[in-house]
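# Chains, contacts and geometry: an overview
Here are the chains, one letter per residue:
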Amino acid sequence: MIVRFHIDPMEQDLYEYSVSYEGESLYSDVGLASIEECIVAATEGLDREAVAAEIAYKGVISGTYALASLALVTAQIAEHALQTTAAIEEAYE
């Protein structure tokens, strides 16, 4: 099973995330301090059926990662998501 992490900014440098599978929401949380914290929290809630996750920041999917990758390079994945979304937003300006 490949799930999707939806991560969005809130006010005052806080973030929220939700985890879905085939469009159905599985769980979520709000008020985390960074994109990286959202990825960590979302990963911790997964069951054994999940093998990978798509990361979407502000609606832009930056990649699909095996769960082992999420645990090992969370900071880099978070930075990639931020940069990918920024590049897409810049292209629309």
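Values in this document were obtained by computation on a predicted structure and should not be read as measured data. (Residues numbered from 1 in each chain as written. Predicted model: local features only at pLDDT ≥ 70, side-chain atom pairs only at ≥ 80, totals over all residues. Heavy atoms only, no water.)

### Let's talk about the overall build of the protein
Each helix and strand in the protein was counted, giving three helices and five strands. Along its sequence from the N terminus, the protein presents helices and strands in the succession β-β-β-α-β-β-α-α. Over its C-alpha atoms the protein spans a radius of gyration of 12 Å, differing by no more than 12% from the 12 Å that the globule rule assigns to 93 residues. Taken along the three principal axes of its C-alpha coordinates, the protein extends 40 × 25 × 25 Å. Each of the 93 residues in the protein was classed as buried or not, and the buried ones make up 34%. Sequence-distant contacts in the protein: of pairs separated by 6 or more residues, those separated by 24 or more amount to 42%. For the protein, the exposed surface amounts to about 5,600 Å²; the carbon and sulfur share of it is 49%. (Helix = DSSP H or I, 4+ residues; strand = E, 2+ residues; numbered from the N terminus. Rg over C-alpha atoms; globule rule 2.2 N^0.38 Å. Buried < 20%, exposed > 50% of the residue type's maximum accessible area, 1.4 Å probe, protein only. Contact = heavy atoms within 4.5 Å. Areas by Shrake-Rupley, 256 points an atom, 1.4 Å probe, with all protein chains shown as cover.)

### Considerations on the packing of aromatic side chains
Tallied over the entire structure, the rule returns two aromatic pairs. Look at Y15 and Y57: their rings are 6.4 Å apart centre to centre, the planes differ by 45 degrees, and that puts the pair in the tilted class. Of the two residues, Y15 sits in strand β2 (residues 15-21) while Y57 sits in strand β4 (residues 52-57), which places them 42 residues apart along the sequence. Here Y15 matches Y57 in class, with each residue buried. Where Y17 meets Y27, the ring centres are 6.5 Å apart and the plane angle is 85 degrees; that geometry is what we call edge-to-face. Of this pair, Y17 sits in strand β2 while Y27 sits in strand β3 (residues 24-32), and the two are ten residues apart along the sequence. (Phe/Tyr/Trp six-rings, centres within 6.5 Å; stacked < 30°, edge-to-face > 60°.)

### Points about helix α1 (residues 35-44)
Every buried residue of α1 is listed here: I35, C38, I39, A41, A42 and T43. Looking at the buried residues of α1, the elements they touch are β1 (2-9), β2, β3, β4, α2 (67-72) and α3 (74-91).

### Describing the pairing of β4
In terms of burial, β4 is a largely internal element, five of the six residues being buried. Sheet analysis places β1 next to β4, joined by six bridges and oriented parallel. Paired with R4 across the bridge in β4 is E54. Strand direction decides the pairing type here: β4 and strand β5 (residues 60-66), joined by six bridges, are antiparallel. (Pairing = 2+ DSSP bridges.)

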